[in-house]
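# Analysis of the macromolecular model
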Amino acid sequence: MDPGLEADERPSRSQRFLEFMVFHFRWVVVVPILLPLSFLFNVFFEIRNKLIYWINSAPNAHVRKVNYIQEQIKNWNADGRRTKLVNARPGWLTMSFRYPLYKTDATKIATDRLFDILELDLEKMTIKAEPGVTMGQISRYLIPLGYTLPVLPELDDLTVGGLINGCGVESGSFKHGMFQHICTQYEVVTSDAELLQVFPDPTAKTKKSKEANSLFWAIPWSQGTLVFLTAATMKIIPCKKYVKLQYKKTNTLEEMCDVLTEDSKKNSSFDDVDFIEALLFTKDKGCIMLGEFSDGPDTHKEVINPIGRFYKKWFYTHVESIIDNKIDKENPIAVEYIPLRDYYHRHSRSIFWEIRDIIPFGNNVIFRYLLGWLTPPKISFLKATTPSCLRSMYDRSHVLQDMLIPLENLEKCVELFHEEVEIYPLWLCPFHLKSQPGLMKLRDVASKMYVDLGAYGVTYKKGYHAERTTRRLEEHVRKVNGFQMTYADIYMTKEEYEDMFDLTLYEYKRTAHHCNDAFPHVYEKVRRSARR
Ligand SMILES: Cc1cc2nc3c(=O)[nH]c(=O)nc-3n(C[C@H](O)[C@H](O)[C@H](O)COP(=O)(O)OP(=O)(O)OC[C@H]3O[C@@H](n4cnc5c(N)ncnc54)[C@H](O)[C@@H]3O)c2cc1C
Ligand SMILES: NC(=O)C1=CN([C@@H]2O[C@H](COP(=O)(O)OP(=O)(O)OC[C@H]3O[C@@H](n4cnc5c(N)ncnc54)[C@H](OP(=O)(O)O)[C@@H]3O)[C@@H](O)[C@H]2O)C=CC1
Ligand SMILES: CC(C)=CCC[C@@H](C)[C@H]1CC[C@H]2C3=C(CC[C@]12C)[C@@]1(C)CC[C@H](O)C[C@@H]1CC3
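Reading the values: the criteria
Residues numbered from 1 in each chain as written. Chains lettered and ligands numbered in written order. Predicted model: local features only at pLDDT ≥ 70, side-chain atom pairs only at ≥ 80, totals over all residues. Heavy atoms only, no water. UniProt positions renumbered as here; feature names shortened; annotations may be inferred. Helix = DSSP H or I, 4+ residues; strand = E, 2+ residues; numbered from the N terminus. 1 Å grid on protein atoms, 1.4 Å probe; cavity = no way out; pocket = protein on both sides within 12 Å on 5 of 7 lines; lining within 4 Å. Points joined across faces, edges and corners; volume = space filled by probe spheres on them. Nonpolar A, V, L, I, M, F, W, Y, C, P; charged D, E, K, R; others polar. Near = heavy atom within 4 Å. Polar contact = N/O pair within 3.5 Å; in protein donor to acceptor, adjacent residues only side chain to side chain. Areas by Shrake-Rupley, 256 points an atom, 1.4 Å probe, with all protein chains shown as cover. Patch = residues over 30% accessible without salt bridge, like charges linked within 9 Å, V, L, I, M, F, W, Y side chains within 5 Å. Salt bridge = Lys/Arg side-chain N within 4 Å of Asp/Glu carboxyl O. Lys, Arg positive; Asp, Glu negative; His and termini not counted. Charge placed at Lys NZ, Arg CZ, Asp CG, Glu CD. Buried < 20%, exposed > 50% of the residue type's maximum accessible area, 1.4 Å probe, protein only.

An unreviewed UniProt entry lists the chain under the name Delta(24)-sterol reductase, from Caenorhabditis brenneri. Word for word, the UniProt comment on the chain under Subcellular location (unreviewed entry) is "Membrane".

Here the focus is the UniProt feature "transmembrane region" (unreviewed entry) in the chain. Within this structure's numbering, the places UniProt gives as "transmembrane region" (unreviewed entry) are residues 20-45 and 215-237. Spanning residues 20-45, this segment combines 92% helix with 0% strand, and its end C-alpha atoms are found 35 Å apart. Along residues 215-237 one finds 17% helix and 39% strand; the C-alpha atoms at either end are 26 Å apart.

Take empty space enclosed by the protein next. Inspection of the entire model under this criterion finds two cavities of 30 Å³ or more. If you go around the largest cavity, you meet 18 residues; those closest to its centre are His398, Val399, Leu400, Gln401 and Asp489. For the lining of the largest cavity, the secondary-structure elements that each account for two or more residues are helix 14 (388-397), strand 14 (398-406) and helix 16 (466-479). For the lining of the largest cavity, the residue count by class is eleven nonpolar, four polar and three charged. Of the volumes computed, that of the second largest cavity is approximately 60 Å³. As for the second largest cavity, its lining consists of Phe310, Trp314, Arg349, Ile355, Ile359, Gly362, Phe367, Arg368, Gly372 and Thr375. Considered class by class, the residues forming the lining of the second largest cavity number five nonpolar, three polar and two charged.

Moving on, we come to the site of ligand 2. Taken together, 29 residues lie near ligand 2, and Arg89, Tyr102, Lys103, Thr159 and Cys167 sit nearest. Within the side chain of Tyr102, a nitrogen or oxygen atom sits 2.6 Å from an oxygen atom of ligand 2. In the environment of ligand 2, a nitrogen atom lies 3.3 Å from a nitrogen or oxygen atom belonging to the side chain of Asn165. Notes on ligand 2: free accessible area 890 Å², of which the protein chains cover 93%. Elements with a contribution of two residues or more to the shell around ligand 2: strand 1 (85-87), helix 5 (160-165) and strand 8 (228-235). For the shell around ligand 2, the class distribution of residues is 14 nonpolar, eleven polar and four charged.

Let us look at a negative patch on the surface. On the surface, Glu254, Asp258, Glu411, Glu415 and Glu419 cluster together into a negatively charged patch. Looking at the negative patch, the elements with two or more residues in it are helix 8 (253-264) and helix 15 (410-420). Per-element tally for the negative patch: the top contributor is helix 15, with three residues. Within the fold, Glu415 resides in helix 15.

The omega torsion of the bond from Thr375 to Pro376 falls at 0°, within 30 degrees of zero and hence cis. Looking at the secondary structure, you find Pro376 in the loop between helix 12 (365-371) and helix 13 (379-384). Note the cis peptide between Tyr424 and Pro425, where omega equals -5°. Within the element layout of this structure, Pro425 appears in the loop between helix 15 and strand 15 (426-434). In this structure, Arg81 is a non-glycine residue whose phi angle is positive, near 50°. Along the polypeptide, Arg81 turns up in the loop between helix 3 (58-78) and strand 1. Among the residues examined, Arg81 registers a relative accessible area of 17% and is labelled buried.

Printed below as a string of structure tokens:
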């Protein structure tokens, strides 16, 4: 075990025993305590949201809440700008394994009170929401009305603010880009307590409107180090009740890369494809899923599969059983109709595949029928209750990385992940990347098809070392002009980070909006040592 570690890094025998017990028997706490708590929390929050919607208090409360944020920042200015500003959202609530250390001595600004949907504009086809609004809230609100976000990341608890100031991707991204690309306007408060509406306006003439224009491009990926986001306006599109999902098996890595590349070209509105993702179950065995909005089956022979129901199998295991049992030479493609909301949140119930380590018997049919309705445990509750011995085990052998690389480099990158971590399933999510100003600016082309390669889980690979291995992966990603998702552990030096991300506009905006003494630098927020 732990062959990649130096002798002084290796845990003692008793520590190892403790870790083993906690890792394998964590369900003793999760099932009787965290599951009911998560369920009650979700019910409470759903009722609260319905009340707010009925009495329509959100838009009025929004003005009050933003005034309070401006007040806080004015006081901080009057006090001589002595500390750095961060969002008040506590570390245990955020969708990453780490707790931010940079918040300890910082002034916390109350953006965490902003969690309501503000306005649906069916003429402009936009929705305006506060940054704390989650993907679960948006899908529950929009889908019954016949609309959806073009990019709606899968995990229920991801927030609008986190997906903009961090980044977001999902299976609609091959057509619509990342979460930032569906945004049309940001409402922000600067470190001078000024409230600004920023949007891309090609006709901008005055210095002020030009400034606001370029701030729009600088915000994505900036991790809340330029301004505080207080609302965002996003595009919406009409949707249908179901997704018609086609499953295609691939038998070699080369076939996966070729077919995925071919399928990802179907991103024009003339093609009947709205979603693409793929899973690799081994280096060679994979499944590509193509989804299309649909009103439902045309014939009685076709299957409706409400995969979100509590008694259903975890989605990734369902996919594997389809390619193992339903696909052969005569039937190369399997088709199912999945209710739209079930499709969007298909990886929520199994937290991608992380739940298999937490409730090992959670996919058993008896458990699903008896207690499945209480699942999944809330990710933030799991995070807050991770015991320290388990944390150190996760620090040593749990991989949580999303590497965004040009699709043409996928084969090489999968081979590298196989050599270095060998975790399966691997998540493959193609996304269309336009070159726009900002941190993710492309250096060589106007647009390109990228793919998010996600590895989540415990690795048993010989020689794995969290820092050294991640640095090797990062180096490869930089070499192919890729990007590393910033919720993950980043071991790059500042120079390497600046090589991966284009900081020209970011630094310009930091100076223009007096951020240097107000917010930490983005690198100071994302580097591994800034997080516990
Ligand atoms: C040294 C420096 C000084 C600067 N000085 C100022 C300044 O004085 N005032 C100021 O306001 N800003 C300033 N900026 C910021 C500058 O305005 C932004 O970088 C600008 O938004 C990007 O324009 P670009 O010509 O570099 O476009 P590129 O970065 O080359 O744009 C790439 C692609 O993005 C797309 N794109 C770019 N802009 C838009 C848009 N508005 N709408 C839609 N698509 C778009 C286009 O498709 C384009 O092909 C400065 C930046 C730097 C680095
Ligand atoms: N499918 C996907 O794309 C998935 C994406 N993720 C990742 O998870 C993260 C989102 O998780 P979530 O818990 O929602 O967000 P977080 O609370 O983790 O926030 C992410 C970053 O955004 C900043 N931020 C959040 N709200 C605001 C705001 N109102 N104004 C300014 N800055 C803000 C935070 O600043 P501060 O540090 O001050 O709190 C933080 O640096 C993203 O980084 C995303 O990449 C995770 C899983 C899936
Ligand atoms: C689809 C993309 C781009 C990313 C998916 C990332 C998620 C799989 C992870 C984001 C936060 C992670 C956490 C855990 C599992 C994996 C994530 C959901 C834990 C639940 C694992 C168990 C620990 O005790 C707590 C973790 C909290 C964060």
